[in-house]
Amino acid sequence: MTVLGHPRSWSYQCLPILILLLGTDHGLGVEGVTHYKAGDPVILYVNKVGPYHNPQETYHYYQLPVCCPEKIRHKSLSLGEVLDGDRMAESLYEIRFRENVEKRILCHMQLSSAQVEQLRQAIEELYYFEFVVDDLPIRGFVGYMEESGFLPHSHKIGLWTHLDFHLEFHGDRIIFANVSVRDVKPHSLDGLRSDEFLGLTHTYSVRWSETSVEHRSDRRRGDDGGFFPRTLEIHWLSIINSMVLVFLLVGFVAVILMRVLRNDLARYNLDEETTSGASGDDFDQGDNGWKIIHTDVFRFPPYRGLLCAVLGVGAQFLALGTGIIVMALLGVFNVHRHGAINSAAILLYALTCCISGYVSSHFYRQIGGERWVWNIILTTSLFSVPFFLTWSVVNSVHWANGSTQALPATTILLLLTVWLLVGFPLTVIGGIFGKNNASPFDAPCRTKNIAREIPSQPWYKSTLIHMTVGGFLPFSAISVELYYIFATVWGREQYTLYGILFFVFAILLSVGACISIALTYFQLSGEDYRWWWRSVLSVGSTGLFIFLYSVFYYARRSNMSGAVQTVEFFGYSLLTGYVFFLMLGTISFFSSLKFIRYIYVNLKMD
């Protein structure tokens, strides 16, 4: 009762706690800069290893047979870093600010045949490692593989046992860090007998150089030594394709459709004047088209609670997506911080739960819903339950394979606490405000008690055809840009063109609204008044096209493989398509509702 009675004071008390729990001070905002004096120790953290072509399959660096301290001390991480698979631990490397090191011994090792085989398998799968120095990632391959010739075939495996670290500084700050094996020969792992031990000596060098660059952000973007590829050019093809499609659709709706509507309204209103002396029933019998269903078009649909829940969660994700892109445009995310967008997404999802509760409960009360408590429960479960089930499967696969992407128990409890203490209560509070502020639906036409019989419809007006057309056109507007987004999320790209992303996002919503209005008009012209769910499904089917594209991307555009990567890719791709269904279905529904209100308000009736 305290929560419901004092939502304002409750939110002020819980918001600072939420920010502290999420650790957004490590993931958002201005980059943290450490100042050093000459000779000060610089801690190098080892982080993770994994196959180069499987970005979401990562393991702790010390799971490999490498130089490891007797007692492993882990670094405290933010929630975003944990979600990103980071597991940083202190290393044996001794680095001091501005002090060069020439081939210092790190450790001596005696590897058994099983450990050598583990390294061989990692090198064959193109394992790379990631270290972190002053929040700067350093990446390199674990070893070297060479295959040449057909007859005879040669297959050579080598391990890098010496690393050259190159660090650049400006004044008392570290600006750039990199690792190189350019002038190093790998240690061969071939020809070892099963009962033989391999002796290795790991060494490293450190070279410091001064740079004129004053800030890390001033360096050329993507300059990390060229380990990961970068796609930083403006995607003109995507922009031109999207603009042409938008202009065609907007022109179609604004010119052709409005012209048809003007003729319809003129004809219907003229018929109304000439037959004003006739009875309403006689008038209906001599009419056809979308006017004849004016007594049924606002008849409330079945499963209204589910419809309102879809609209509420869709509105929440529209706000969430817009907020993430706007924050990126404002420079809130620091590229030198790990998991910044992950932290922001968790925070915004929790805070925008009030939007889903408000929109769902408000519209549910408007269309005559009475079970508002059940509606709130359905709203809060519509995304959280599928997400939890998908995450459970993905996390279990990661846990079974020892991947660092498997969340620790403490992080799981933290996320559950955030949802229970912030997300769910805000959904309830938003639902209460939405229910109390709801006004009557106020339909411009009176609905009869007995529903009108719907005539048989041609095949091109079926739900399947509408879903195909309504889903494919918005998808085609973002298909080119979608490749770069997939290459960022599931590849090694680093997306920084947020202005273009915001532009494409606006285009997607505009195309969805235009297509929805056009398809709804065609449906009503066929005297089919069941537009409520049809409007959601027609444009919401874009999510299905996005999932089908993810299948194509996995098979044709990526080199991902293995059970761990495959389960995560298809699990979260399915969730992504579901989110787009909710967002675009919401835009489509409210666009159709606004359009239908407009045409029937301007229709003269007794």
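Structure's up top.
Residues numbered from 1 in each chain as written. Predicted model: local features only at pLDDT ≥ 70, side-chain atom pairs only at ≥ 80, totals over all residues. Heavy atoms only, no water.

Engineer: Quick rundown of the sheet that holds strand 6 (residues 101-111)? Include the residues and the values.
Structural biologist: Across the sheet, 4 strands lie side by side as 6-14-11-12; this open sheet has mixed pairing. At either margin of the open sheet sits one strand with a lone partner, and together these are strand 6 and strand 12 (173-180). For this sheet the average axis-to-axis angle between neighbouring strands, irrespective of direction, equals 20°. As judged from the 7 bridges shared by strand 11 (residues 162-170) and strand 12, these two strands associate in the antiparallel manner. Each bridged residue has a counterpart across the sheet, and for leucine 167 the counterpart in strand 12 is alanine 177. Lying on the sheet, helix 5 (residues 113-124) is in contact with strand 6 and strand 14 (198-210); it crosses strand 6 at an angle near 125°. (Pairing = 2+ DSSP bridges. Helix = DSSP H or I, 4+ residues; strand = E, 2+ residues; numbered from the N terminus. Axes fitted to C-alpha atoms, helices over the stretch in contact; angles between N-to-C directions. Contact = heavy atoms within 4.5 Å.)

Engineer: How would you summarise the packing of aromatic side chains if you had to cite specific residues and measurements?
Structural biologist: Any aromatic ring pair is given by two values, namely how distant the centres are and how the planes are angled relative to each other. For the coordinates displayed, the defined rule picks out 50 aromatic pairs. Look at tyrosine 554 and phenylalanine 570: their rings are 5.0 Å apart centre to centre, the planes differ by 55°, and that puts the pair in the tilted class. Remark: phenylalanine 570 occurs in helix 17 (residues 563-601) and tyrosine 554 occurs in helix 16 (residues 542-557); sequence separation between them is 16 residues. Its relative accessible area of 16% is what places tyrosine 554 among the buried residues. Judged by its relative accessible area of 24%, phenylalanine 570 is partly exposed. Its guanidinium or amino end placed over the ring of tryptophan 372, lysine 435 lies 5.0 Å from that ring's centre, counting from NZ or CZ. A cation over a ring is seen here: arginine 597 above phenylalanine 441, with NZ or CZ 4.6 Å from the ring centre. (Phe/Tyr/Trp six-rings, centres within 6.5 Å; stacked < 30°, edge-to-face > 60°. Buried < 20%, exposed > 50% of the residue type's maximum accessible area, 1.4 Å probe, protein only. Lys NZ or Arg CZ within 6 Å of the ring centre and 35° of its normal.)

Engineer: Which residues make up the packing of helix 15 (residues 531-540) against helix 17, and what values do they have?
Structural biologist: Two packed helices can be described by the angle between their axes and the distance between those axes. Contact geometry of helix 15 with helix 17 gives a least axis separation of 7 Å together with a crossing angle of 135°. Our classification of the angle between helix 15 and helix 17 gives oblique. Crossing of helix 15 against helix 17: the hand is right-handed. Touching Trp531, Trp532, Ser535, Val536, Leu537, Ser538, Val539 and Gly540 of helix 15 are Phe581, Leu584, Gly585, Ser588, Phe589, Ser592, Leu593 and Ile596, all from helix 17. (Parallel < 35°, antiparallel > 145°, perpendicular 65-115°, else oblique. Left-handed = near helix turned anticlockwise from the far one by under 90°.)

Engineer: Which residues make up helix 14 (residues 498-525), and what are the values?
Structural biologist: Given 3.6 residues per turn, any residue in an α-helix points the same way as the ones three and four places further on. With 28 residues, helix 14 extends 41 Å between its outermost C-alpha atoms, agreeing within 8% with the 40 Å of an ideal straight helix rising 1.5 Å per residue. Across the 28 residues that make up helix 14, a large majority, 20, are buried. Glutamate 527 lies just past helix 14 and shows a positive phi near 65°. (Expected span 1.5 Å × (residues − 1).)

Engineer: Give me the pattern of salt bridges: which residues, what numbers.
Structural biologist: Scanning the entire structure with this criterion turns up 11 salt bridges. Among the ionic pairs, lysine 75 bridges to aspartate 135, the shortest N-O distance being 3.7 Å. Residue lysine 75 is found in the loop between strand 3 (59-60) and helix 4 (79-83), and its partner aspartate 135 is found in the loop between strand 7 (127-133) and strand 8 (136-141); the two are separated by 60 residues along the sequence. The exposure class of lysine 75 is partly exposed, given its relative accessible area of 25%. For aspartate 135, a relative accessible area of 11% gives the class buried. For arginine 139, the salt bridge is made with glutamate 130, and the minimal N-O distance between the two is 3.0 Å. Taken as a pair, arginine 139 and glutamate 130 share a single burial class, namely buried. Taken together, the shared-partner salt bridges connect Glu117, Arg120, Glu124 and Asp190 into one network. (Salt bridge = Lys/Arg side-chain N within 4 Å of Asp/Glu carboxyl O.)

Engineer: Give me helix 9 (residues 340-351): which residues, what numbers.
Structural biologist: Under the 1.5 Å per step criterion, the end-to-end length of helix 9 is 17 Å for 12 residues, consistent within 8% with the ideal 16 Å. Here helix 9 has its buried residues at Ala340, Ser343, Ala344, Leu347, Leu348, Tyr349 and Ala350.

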